[in-house]
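Coordinate analysis (summary)
Each chain is listed here by its residues.
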Amino acid sequence: MSVKAFKLVPAVEREMLMGDKVRINIECIECCGKNLYIGTNDGSIYHFLLEEKNSPAEKTHFYVTKQLHKYLSVRKAVGELKAASALNRLLVLCDSTITLVNMMNLEPIPTGARIKGAVTFALNENPVNGDPFCVEVCIVSVKRRTIQLFLVYEDRVQIVKELSTQEQPCAVAVDGHYLCLALTTQYIILNYNTGVSQDLFPYSSEERRPIVKRIGREEFLLAAPGGLGMFATVDGISQRAPVHWSENVIGAALCFPYVVALDEEFITVHSMLDQQQKQTLPFKDGHILQDFEGKVIVATSKGVYILVPLPLERQIQDLLASHRVEEALVLAKGARRNIPKEKFQLMYKRILQQAGFIQFAQLQFLEAKELFRSGQLDVRELISLYPFLLPTSSSFMRTHPPLHEYADLNQLTQGDQEKVAKCKRFLMSYLSEVRSMDVANGYKEDIDTALLKLYAEANHESLLDLLVSENFCLLTDSAAWLEKHKKFFALGLLYHSNGQDAAAVQLWVKIVNGDIQDSTRTDLYEYIVDFLTSCMDHELVWKYAEWILKQNEEVGVYIFTKRPLEEEQQKNSFNPDDVISCLNKYPKSLVKYLEFLVLERRIKKEKYHTHLAVLYLDEVLHLKSQEGIKRGEELSKTQAKLRSLLQKSDLYRTHFILDKIIDSNLHMECAILYGKLEEHDKALHILVHEIKDFNAAEDYCVWNSENKDPPYRRKLFHMLLSCYLNSSSSEHKLLMAAVDLLNNHTAEFDAANVLQLIPDTWSVQLLSSFLTGAVRESIHAQRMTQIALGLAKAENLTYKHEKVKLKGNQTVLSDRKACQVCQSPFCEPVFVRYPNGGVVHTHCAANRLVDSNTNHHLSSPSGRT
């Protein structure tokens, strides 16, 4: 595909060069800076000064001034010209001789230094000599199959090396120690320092003119068979794909990233980056094409022209304008080496952004996203395409010059609603990804506000996720948009995220009441309860507490019972008395709140425990007066709660509760209350004789003796046994209950006392289980006592042994011996001796006030004396 990479500009026209002399032809050219040298077939050298001028219309002109015209001593064609600017010398090949002339006046040097016998020559642009005032020259000698290397100084030449080749060389290029040679039938790489050569590929110099050109460090461009321009390194390999040019190519030049080729009718431009032919310029009768320090010069036999490269940025923009994104990006990457780093980075980012918008306009969203990301696009450039998405307060202005040609999305899609929908879906996806990246820094409000608008318009489920997470949606714009699309629940979330909880709850309450319609959440009432439960604004909770409780007592009470744990830890919780006052109109909520205080928070206040017990009791009595299966289930559940509270709590007013129960038929509850009053005989009498629940009687003894000593527990079980046995009516059930009690709880009874209580008529077989257990328990107790006695005796014997050992050591006490605590002498034969032999006064040992120095000598205060 074509690209306008160069334009052809005339430099030296025929009239300026030769006037009316028809037979004069250009043979060679050389350019060094602004100096242009032309060699002709009549042995003349022309020196021109080139001045490049750019007009406002971006047209390039060259003003050429003729400086000098010099005839050589030999009127033969000038074969080649090479400038050595460091020496101020021009090397002129004419009649197989290389002559050194002054670059300014074209006069031969006074010493007459020259190189004879040269067919062609090349300068080493990567010299190895290291002398800045000398040029390395390689010539193809007139001697058969010979290459010679010279060092050329300002006024002399010196041969360095002469090499033989297997075939006659036709062309040569030099880089360091390496020569790239076109022989008669092939190209080779020759290291003239080591003599090692490497064949590249065959080529017939008889069929077409060989081309050997150094294009960079250790790399050459060669004309290969089949119309290929091959790249080869000094290692004999190709690191670039070949370019396809004409079979009849005459010359080649390099102007990165392009290779320019010349044939008999055209100049063709080929990209080194993608190997495609980019431009074709008609040019007849051309026979010279060379590049000089980035300047590409082409010549016919009568005139000289310059290929002026268009700025790479303009070429890239032309490609983008043609929607040739891939080519533009390849060219932009290739331009890196020719542009300063900072300038390139800015340029490349912009190109990526432009390419992204081109792909976006073609609905190639994946490609567009990658280009936007790589180019670090200010995402507001993209948002601004969508009408009304940017906040009204945004100060964003599009980049100038613009990155694209579209006013808005409607122009881009030409009103196609399906395309509009696709573009909006892409923007939703892209914004959701970039909002958390560094690229969003500085304008998160614009991004989140635009994303909210897109979600609301599309009824997207992510709208709520956006609002419940940290976001930067602007309240004014977002609220109006949510109202427009009737997203009232989401609007409440927006208010909440902006610290306006009261407005949020007010809006949600209106939805529940049916004042406004929004079906986003069917469980909105429960959501409001959860919201107020975690709300730290107590005034707001109180404001809506009545409304919450009226809707549902059992759920509504959660605003008080499921407060955050941190609130309680910070002692910022609701006053229970205030809550109870509020809940007095809502009995179910009140019960649940008191259960929360008593059972969960375990508040040790009599009034709460008593209040809860009274509420349980009232509910039980109320349910007992009702009928029905459902009522029976509720009664059992409430009665179980009442009994559990009466059993486990010790804080309620026992007499007060008992007075309320005494006239009812709640016998089990009465028994529990008598137990709390330590009136166990009454409690057991109720359980045994009134309700005849023997299992409950045994359970009564168990739970009443929890955390009590064994004698207390034994007392309760003996009382229960007596209740069974001392009944005025010797019912068989009572006797069986007594037997079961003894057999099931053998360890709780004193066997001797039991044997005195039981009737003489009872058989041993009846009590076999009890008696077996009692005997086993007695034997176990006896054995444990014997073990304890034996252990005590052993310990006593150990102490006696230690005492004997201590008595075996003499302690000598004199008036000269000092107490190791107070350092005073002993005045009487009474002392305390430590196990380590230290002797102290009795009163010093009692005080145990031994300083650190004494501790070094004595045992610790806990040591035995």
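What comes next concerns the included structure. What you see is a predicted model; the values in this text were computed from it and never measured.

It is worth spelling out the overall build of the protein at this point. A tally of regular secondary structure across the protein gives 32 helices and 30 strands. Expected size for 865 residues packed as a compact globule is a radius of gyration near 29 Å; at 56 Å, the protein overshoots this value by more than 25%. Projected onto its principal axes, the C-alpha positions of the protein cover 160 × 100 × 60 Å. Counting every position in the protein, which comprises 865 residues, the buried fraction comes to 47%. A separation of at least 24 residues holds for 48% of the contacts in the protein among residues at least 6 apart in sequence.

Okay, helix 23 (residues 654-661) next. If you check which residues of helix 23 are buried, you get Thr654, Ile657, Leu658 and Ile661. Down the axis of helix 23, the smallest arc covering the buried residues is 100°, so these residues share one side. Set apart from the buried face of helix 23 by more than 90 degrees, the exposed residues are His655 and Asp659.

Glancing now at the pattern of salt bridges. One pass over the structure, following the stated rule, counts 31 salt bridges. Between Asp95 and Lys76 there is a salt bridge whose closest N-O contact spans 3.3 Å. Here the residue Asp95 occupies a position in the loop between strand 7 (89-94) and strand 8 (97-102), and Lys76 occupies one in the loop between strand 5 (60-71) and strand 6 (78-84), the gap between them amounting to 19 residues. Residue Asp95 is classed as partly exposed on the basis of its relative accessible area of 37%. Taking relative accessible area as the criterion, Lys76 reaches 44% and is therefore assigned partly exposed. Residue Asp577 pairs with Lys607 through a salt bridge whose shortest N-O separation is 3.2 Å. Placement of Asp577 in helix 19 (residues 576-583) and of Lys607 in helix 21 (residues 606-624) is noted, with a sequence separation of 30 residues between them.

A ring pair, where both rings are aromatic, is described by two values, the distance of the centres and the angle of the planes. Taken as a whole, this structure holds 24 aromatic pairs when the rule is applied. Summarising the aromatic geometry, the rings of Phe694 and Tyr724 are spaced 5.6 Å apart at their centres and angled 85° between planes, so their arrangement reads as edge-to-face. Here the residue Phe694 occupies a position in helix 26 (residues 694-704), and Tyr724 occupies one in helix 27 (residues 710-725), the gap between them amounting to 30 residues. Overall, Tyr724 belongs to the buried group, its relative accessible area being 1%. Arg240 extends its terminal NZ or CZ atom over the ring of Phe231, reaching a point 5.8 Å from the ring centre. The residue whose ring lies beneath Lys484 is Trp481, and the NZ or CZ to ring-centre distance is 4.8 Å.

Further remarks concern the packing of helix 8 (residues 417-434) against helix 9 (residues 444-458). For the pair helix 8 and helix 9, the least separation of the axes is 10 Å and the interaxial angle reads 135°. For the element pair helix 8 / helix 9, the angle class is oblique. Of the two possible hands of crossing, helix 8 and helix 9 adopt the one that is left-handed. Here helix 8 contributes Lys424, Leu427, Met428, Leu431 and Ser432 to the contact with helix 9, which in turn contributes Ile447, Ala450, Leu451, Leu454, Tyr455, Glu457 and Ala458. Looking at the contact of helix 8 with helix 9 residue by residue, the class counts come to nine nonpolar, one polar and two charged.

Taken together, four strands build an open sheet; the order of strands is 2-3-4-5 and the sheet is antiparallel. Taken across any chain shown, the strands that pair with only one partner, and hence form the sheet edges, are strand 2 (26-32) and strand 5. Across the sheet, the axes of successive neighbouring strands diverge by a mean angle of 25°, strand direction being ignored. Relative to strand 3 (residues 35-40), strand 2 runs antiparallel, the two being bridged by six bridges. Counted as the bridge partner of Cys28 is Gly39 from strand 3.

Okay, the nonpolar core next. Generally speaking, a soluble globular protein has its nonpolar side chains buried in company with each other. Counting residues in hydrophobic clusters, the biggest one holds 143 residues, and the most contacted among them are Phe360, Leu382, Leu431, Trp508 and Leu532. For this core, the element with the most residues is helix 21, which contributes nine residues. Counting residues in each nonpolar core, the second largest holds 35 residues, with Leu289, Leu329, Ala335 and Ile339 among its members.

Another aspect to go through is the sheet that holds strand 9 (residues 114-116). Here four strands make up an open sheet; going across it, the order is 6-7-8-9 and the pairing antiparallel. A single partner strand is all that each edge strand has here, and the edge strands are strand 6 and strand 9. Ignoring strand direction, the axes of neighbouring strands in this sheet form an average angle of 20°. Bridging between strand 7 and strand 8 involves six bridges; their strand directions are antiparallel. Within strand 8, the residue paired with Val92 across the bridge is Thr99.

Two numbers describe how helix 11 (residues 475-484) lies on helix 12 (residues 488-497): the axes approach to 9 Å, and their chain directions differ by 165°. For the element pair helix 11 / helix 12, the angle class is roughly antiparallel. The interaxial crossing formed by helix 11 with helix 12 has left-handed handedness. Here Leu475, Ser478, Ala479, Leu482 and Glu483 of helix 11 lie close against helix 12, whose contacting residues are Phe488, Ala490, Leu491, Leu494 and Tyr495.

Here we come to the state of the cysteines. With the rule as written, the count across this model stands at zero disulfides. In this model Cys180 remains outside any disulfide bridge; the closest cysteine sulfur is found in Cys138, 11 Å from its own. According to the relative accessible area criterion, Cys180 is buried, its value standing at 0%. Considering cysteine sulfurs only, Cys819 is the nearest to Cys822, which forms no disulfide, with 3.8 Å between them.

So, on to helix 8. With 18 residues, helix 8 should reach 26 Å at 1.5 Å per residue; the first-to-last C-alpha distance of 26 Å fits that figure. Within helix 8, burial applies to Val420, Cys423, Phe426, Leu427, Met428, Tyr430, Leu431 and Val434. Next to the buried residues of helix 8 lie helix 4 (341-361), helix 5 (365-374), helix 6 (379-383), helix 7 (409-413) and helix 9. Capping of helix 8 at its N-terminal end is provided by Asp416; its side-chain oxygen lies 3.0 Å from the backbone amide nitrogen of Glu418.

Turning next to the environment of Ser322. Here Ser322 shows up in the loop between helix 2 (312-321) and helix 3 (325-334). Considering only alpha carbons, one finds Ser322 and Val3, 319 residues apart in sequence, at a separation of 10.0 Å.

Moving on to the pairing of strand 26 (residues 288-292). When you tally the buried positions in strand 26, you get four out of five residues, the bulk of the element. Across five bridges, the pairing between strand 26 and strand 27 (residues 295-299) is antiparallel. Considered in strand 27, the bridge of Phe292 is made with Lys295. Counting the residues between successive antiparallel strands, the hairpin from strand 26 to strand 27 contains two residues, one of them, Glu293, with a positive phi of roughly 50°.

What counts as what
- Residues numbered from 1 in each chain as written.
- Predicted model: local features only at pLDDT ≥ 70, side-chain atom pairs only at ≥ 80, totals over all residues.
- Heavy atoms only, no water.
- Helix = DSSP H or I, 4+ residues; strand = E, 2+ residues; numbered from the N terminus.
- Rg over C-alpha atoms; globule rule 2.2 N^0.38 Å.
- Buried < 20%, exposed > 50% of the residue type's maximum accessible area, 1.4 Å probe, protein only.
- Contact = heavy atoms within 4.5 Å.
- Arc of directions from axis to C-beta.
- Salt bridge = Lys/Arg side-chain N within 4 Å of Asp/Glu carboxyl O.
- Phe/Tyr/Trp six-rings, centres within 6.5 Å; stacked < 30°, edge-to-face > 60°.
- Lys NZ or Arg CZ within 6 Å of the ring centre and 35° of its normal.
- Axes fitted to C-alpha atoms, helices over the stretch in contact; angles between N-to-C directions.
- Parallel < 35°, antiparallel > 145°, perpendicular 65-115°, else oblique.
- Left-handed = near helix turned anticlockwise from the far one by under 90°.
- Nonpolar A, V, L, I, M, F, W, Y, C, P; charged D, E, K, R; others polar.
- Pairing = 2+ DSSP bridges.
- Core = buried A, V, L, I, M, F, W, Y, C linked by side-chain atoms within 4.5 Å.
- Disulfide = S-S within 2.5 Å.
- Expected span 1.5 Å × (residues − 1).
- Polar contact = N/O pair within 3.5 Å; in protein donor to acceptor, adjacent residues only side chain to side chain.

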